[in-house]
Amino acid sequence: MSAFSDQVKGNWNQIKGQLKQEYGQLTDDDLTFQEGKEDEILGRLQEKLGKTKAEVKDMIDSIGK
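Remember, predicted model here, so these are calculated numbers, not experimental data.

Right, let's talk about helix H1 (residues 3-22) for a bit. With 20 residues, H1 should cover 28 Å at 1.5 Å per step; its first-to-last C-alpha distance of 24 Å lies more than 12% under that length. At Asn-11, H1 is deflected by roughly 80°, the largest bend along its length.

Further remarks concern helix H2 (residues 38-49). Its 12 residues give H2 an end-to-end C-alpha distance of 16 Å, which sits within 8% of 16 Å, the value for a rise of 1.5 Å per residue. Among all positions of H2, only Glu-38, Ile-41, Leu-42, Leu-45 and Leu-49 are buried. Down the axis of H2, the buried set is contained in an arc of 100°. They therefore lie on one face. In H2, the exposed positions angled more than 90 degrees off the buried face are occupied by Asp-39 and Glu-47. Downstream of H2 by one or two residues, Gly-50 has phi in the positive range, about 65°.

When you line up the elements, Glu-38 lands in helix H2. Excluding residues that lie within four positions of it along the chain, Glu-38 makes contacts with Phe-4, Ser-5 and Phe-33.

Moving on, we get to the environment of Ile-15. Assignment of secondary structure puts Ile-15 in helix H1. For Ile-15, a relative accessible area of 0% puts it in the buried group. Along the chain, Ile-15 and Lys-53 lie 38 residues apart, while their C-alpha atoms are 16 Å from each other.

Conventions used here
- Residues numbered from 1 in each chain as written.
- Predicted model: local features only at pLDDT ≥ 70, side-chain atom pairs only at ≥ 80, totals over all residues.
- Heavy atoms only, no water.
- Helix = DSSP H or I, 4+ residues; strand = E, 2+ residues; numbered from the N terminus.
- Expected span 1.5 Å × (residues − 1).
- Bend = angle between axes of the 7 residues up to and from the residue.
- Buried < 20%, exposed > 50% of the residue type's maximum accessible area, 1.4 Å probe, protein only.
- Arc of directions from axis to C-beta.
- Contact = heavy atoms within 4.5 Å.

Right, here's the structure in full:
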């Protein structure tokens, strides 16, 4: 499991709350996290936010710290 996966799994509720505050267009379905499917959630966020995968990862990393 990658460091990114560990961070997402451990802090997902906090990250999800921050994302919903900053990006009101995100729904609970967009932010549903399933262990082992990190790429899937990154893809959904990429599509909704119009950002690259690296930008989404960086954004999540900054929230989770």
